[in-house]
Amino acid sequence: MKLTAVFTALALSAFSVMGEDFFVDAAKGNDANDGSKEKPFKTINAALRAVKDKRGDTVTLRGGVYRERFMLDNKSGSDEKPLVIQGAEGERVIISGFVPITDWKKYKGDIYSAAVKQGDVKDLYVGLSQQRVSRWPFDGIMRKVGSADKATASFSDPDGIPQIPELREIAENPASARAFFYYSRGNFFGDRLLKGIDFAKKSMTIDANRWNNGLGNGKNDRYEVVNHVSLIKKPGEWAFAANPDGKSGTVYFWPVSRDDLKNAAYRSGGLFVIIGYAGRPTRNITVRNLEICGASGGGIFASGVDGFTLEKCVIHNNGGDGAATRRCKNITLRSNIVVNNGSSGISVTSTVGGVIEGNEVAYNQIDGVRFAGNISGRPGVEPYSSDLTLRRNYLHHHIYQSHPDNFQCFRGVNKMKIQDNVFLFGGQNTMAEENDTAEFSNNISAFTGAYTTIFGHNNSHNWLVKDNTVGMGGWGLFLTGGSKGDKFERNLFFAGALELPDDAVSKDNYFVPYAYITEVGRFKRKIYRDFADFAAACGDTGAKSGVVKFRNAPAAIGVSSMNDANTDSYIELRQNGPVARVTDFAVGDNIEINGDSVLRKVTKTDAKGIYFAPALPRRPWRDCLILNWKKSTDTAPDLRPVEGSEVKVGSNLDIGEFRRGELLKKGERTLPAMPEDVKAALPDPNNIVVPMYGY
């Protein structure tokens, strides 16, 4: 009897580990089926109702489009096997929040209108191509903000508000028009509903809710008026007027062709895929092989999960973060493509223990990858994050909205490793504050509008920075004022100024001549023009300096900030900071702007800027990074010193491998294939679609 009981227990244990397989087919399934391979469910939610807790079930979705939100918050995988939600191998499985817009009617001229019965439309797509919300000024140059008055919820235009027909129409009926702001003091964007225009007082009134006290306090605050039918002036532009209920309204659209009306849609659904809930412990969940897009909020969000894995997913065109975790433990985000989302690509908050590796994260509106602790900013509300590793990711092209960074960590992130990543084309490549104990090793970090790396706000300490190649930052390479306990070892620093805290340890670094800066007091810096003096001040007896020949690198980088002088064929260069001046560009040089891989020729220069051809698709909206390739026609950077070089420090990474998606295995692409329509809709960094809302 005892032996029989043992065998019975073993059999039950084996059964519980195996779990059960369920299948879903949006085209051929039926929710009245049993979910077997032969009789699949039609919806994901039906399958999730069928899975059992702590058994290790698998839900496999067949190829197709699933227009449904789903939440898994009350079931876990077993300790031996996770609960898996996956797309069928080799099939395209799309979880879509896009809602088609139908029943278009002629409104006026070339503009059509359609009633939307659900949702506040904040964006319009044709296929996967985001369309431009209507906006004024029509030349794309944001207007200056003068004074702002919180008591009256108004702001002034020091140049006066022109009484053009479009603005008079908005003054009579603002509908859902918004004021879109750039707050220069914080380097971020925001928006508010527009309530009225007073031409005589040169002012506009906005919704007072969530008034920002920074408005009007920055010397370069700017504004636009967006989202009104009167402002639609070109094909591809649109506007939305909400009904009083705030849940329906009318879309107005000037299509490029009539076919655009057949493919028009908007994002809906808020957060679309939710795994776990902070108050209900969930364990051992894996999501793989899915394409998640079209949510008005985030694409996928894991909350309170211990043991969450997200792998081989393509997450794109969501309104919020592409993928996010909060209050989780032991997460793995591996081999995902996260592109073109409205906020950050990957956000990890209040999470302990995690590896983010082998992902391509690019073209998101805010940051690429973000680690945060107590994001509330109020003591004790959220736990800190710790023991996180960012490894072998390709992070690029985060240069659009609010102080964008390829990687950012803030508000309590400890024991962090940033290893073997490629960071290219960011506002900054790395921004860190409120963190302690980090390793930054064997990374390539280059081509930024501001600093390549900031250890900021006097509260980012104990960094080990070793074996990195860092260069061509618009303001410099490392800004470390106030940090403590940092060590810099065996790094290759080129084309930029370096600032070190007075207690930093510098050992065996290689410096390409420029300006060597060390901070000797909180607000007092000493600039060393002589390398020997600098090395002596840093105590780096093994430091070397000299010219480095890379396998393929631009000769110089110029930067232009938001500038009214810029046009589609002329860019005025920043005249301060460690960046190229006009004299570093010559007629006939090949230049690349914002890493778009398009070569343009310098046709002329003046005292402040450069002219070039062919022209950009439109005048620059924000910062421009201008790489001067001189006579080279190869824009694929390779920042390894040439073979046989005496320089033996810095990163050994091959950027070409990262561009090909060979992130976790040499010679083999470890990322999923990017669908052709997703690839075709990736933002042109010189022709981005600015949304109606700001961050």
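The structure under discussion appears in the preceding block.
Residues numbered from 1 in each chain as written. Predicted model: local features only at pLDDT ≥ 70, side-chain atom pairs only at ≥ 80, totals over all residues. Heavy atoms only, no water.

Caption draft 1: Looking closely at the overall build of the chain. The helix and strand tally for the chain stands at seven helices and 64 strands. The C-alpha atoms of the chain give 27 Å as radius of gyration, which agrees with the globular expectation for 695 residues (26 Å, within 12%). With the C-alpha coordinates of the chain rotated into their principal frame, the extents come out at 85 × 70 × 50 Å. Within the chain, residue pairs in contact and separated by at least 24 positions form 63% of the contacts whose partners lie at least 6 positions apart. Both charge centroids of the chain, one from 88 positive and one from 80 negative side chains, sit 2 Å from each other. (Helix = DSSP H or I, 4+ residues; strand = E, 2+ residues; numbered from the N terminus. Rg over C-alpha atoms; globule rule 2.2 N^0.38 Å. Contact = heavy atoms within 4.5 Å. Lys, Arg positive; Asp, Glu negative; His and termini not counted. Charge placed at Lys NZ, Arg CZ, Asp CG, Glu CD.)

Caption draft 2: Examining helix α5 (residues 531-538) more closely. Turning to α5, its buried residues number three or more, namely F534, A535 and C538. All buried residues of α5 lie within an arc of 95 degrees about the axis, which places them on one face of the element. Measuring from the side-chain oxygen of the N-cap residue of α5 to the backbone nitrogen of A532 gives 3.1 Å; that N-cap residue is D530. Among the residues trailing α5, G539 stands out with phi positive, at a value near 75 degrees. (Buried < 20%, exposed > 50% of the residue type's maximum accessible area, 1.4 Å probe, protein only. Arc of directions from axis to C-beta. Polar contact = N/O pair within 3.5 Å; in protein donor to acceptor, adjacent residues only side chain to side chain.)

Caption draft 3: Geometry of the state of the cysteines. Overall, the coordinates contain zero disulfides when judged by the stated rule. The closest cysteine sulfur to the non-disulfide-bonded C328 is located on C313, 15 Å from its own sulfur. C328 provides the cysteine sulfur closest to C409, a residue in no disulfide bond, and the two sulfurs are 18 Å apart. (Disulfide = S-S within 2.5 Å.)

Caption draft 4: Structural detail: the packing of aromatic side chains. With the rule as written, the count across this model stands at 26 aromatic pairs. Look at Y107 and Y252: their rings are 4.8 Å apart centre to centre, the planes differ by 65 degrees, and that puts the pair in the edge-to-face class. Of the two residues, Y107 sits in strand β8 (residues 105-108) while Y252 sits in strand β22 (residues 249-253), which places them 145 residues apart along the sequence. The class of Y107 is partly exposed, set by a relative accessible area of 36%. A residue is classified by how much of its surface remains accessible, and Y252, at 16% relative accessible area, is buried. (Phe/Tyr/Trp six-rings, centres within 6.5 Å; stacked < 30°, edge-to-face > 60°.)

Caption draft 5: Main features of helix α3 (residues 165-172). Three or more residues of α3 are buried, namely E166, L167 and I170. Seen along its axis, α3 keeps its buried residues to an arc of 95 degrees; they face one direction. Turned more than 90 degrees from where α3 packs its buried face, P165 and E172 sit exposed. Buried residues along α3 sit against β13 (135-136), β18 (188-198) and β20 (222-226).

Caption draft 6: Focus on empty space enclosed by the protein. For the structure shown, the criterion picks out five cavities of 30 Å³ or more. Roughly 130 Å³ of volume is contained in the largest cavity. Residue lining of the largest cavity: 15 residues in total, with N594, P620, W621, R622 and P685 positioned closest to the centre. Its residues assigned to classes, the lining of the largest cavity comprises eight nonpolar, three polar and four charged. Space inside the second largest cavity adds up to approximately 80 Å³. (1 Å grid on protein atoms, 1.4 Å probe; cavity = no way out; pocket = protein on both sides within 12 Å on 5 of 7 lines; lining within 4 Å. Points joined across faces, edges and corners; volume = space filled by probe spheres on them. Nonpolar A, V, L, I, M, F, W, Y, C, P; charged D, E, K, R; others polar.)

Caption draft 7: Structural view of the nonpolar core. Core analysis: the biggest nonpolar cluster contains 74 residues, and I95, I275, I300, F308, F371, F407 and F478 have the highest contact counts within it. Residue contributions to this core peak at five residues, all from helix α2 (residues 44-50). Discounting chain neighbours no more than four positions away, the residues touching I300 are V273, I275, V287, I292, F308, L310, I315, G322, A323 and A324. Judged by nonpolar contacts, the second largest core, of 72 residues, contains I101, A265, Y266 and M692. (Core = buried A, V, L, I, M, F, W, Y, C linked by side-chain atoms within 4.5 Å.)

Caption draft 8: Fine view of the sheet that holds strand β63 (residues 624-630). Strand order across the open sheet formed by six strands is β58-β63-β60-β61-β62-β59, with antiparallel pairing between neighbours. Each edge of the sheet is formed by a strand with only one pairing partner; in this case those strands are β58 (556-560) and β59 (570-572). Adjacent strand axes in the sheet meet at a mean angle of 40 degrees, parallel and antiparallel pairs treated alike. (Pairing = 2+ DSSP bridges. Axes fitted to C-alpha atoms, helices over the stretch in contact; angles between N-to-C directions.)

Caption draft 9: Spatial organisation of the sheet that holds strand β7 (residues 98-100). Read from one edge to the other, the open sheet built from four strands follows the order β7-β23-β10-β11, with strand pairing classed as antiparallel. One side of each edge strand has no neighbouring strand; the edge strands of this open sheet are β7 and β11 (129-130). Across two bridges, strand β10 (residues 125-126) lies against β11 in antiparallel orientation. When the sheet's bridge partners are listed, Y125 is paired in β11 with Q130.

Caption draft 10: Expanded view of the pattern of salt bridges. Under the defined criterion, the tally for this structure stands at 32 salt bridges. A salt bridge links R370 to D321, with the shortest nitrogen-to-oxygen separation between them at 3.1 Å. A residue pair is termed long-range when its members are at least 10 positions apart, and R370 in strand β36 (residues 369-372) and D321 in the loop between β29 (314-316) and β30 (323-326) qualify at 49 residues. Residue class for R370 comes out buried when judged on its relative accessible area of 14%. Exposure remark for D321: the relative accessible area of 16% places this residue in the buried category. In the salt-bridge network here, residues are joined through shared partners; they are R288, E311, R334, E357 and R391. (Salt bridge = Lys/Arg side-chain N within 4 Å of Asp/Glu carboxyl O.)

Caption draft 11: Region of interest: the pairing of β30. Pairing between strand β27 (residues 300-303) and β30: four bridges, direction parallel. From the neighbouring strand, I300 faces β30, where its bridge partner is A323.

Caption draft 12: Spatial organisation of the layout of surface pockets. Size it by volume and the largest pocket reaches roughly 1,200 Å³. Where the lining of the largest pocket is concerned, the elements lending two or more residues are β39 (405-410), β42 (428-432) and β45 (451-455). Considering each element in turn, the lining of the largest pocket owes the most residues, three residues, to β39. Here the residues of the lining of the largest pocket sort into 16 nonpolar, 18 polar and 12 charged. Estimates place the volume of the second largest pocket at around 810 Å³. Along the wall of the second largest pocket there are 38 residues; nearest its centre are R132, R618, N687, I688 and V689. Contributions of two or more residues to the lining of the second largest pocket are made by β11 and β12 (132-133). Of the residues in the lining of the second largest pocket, the class split is 18 nonpolar, 10 polar and 10 charged.

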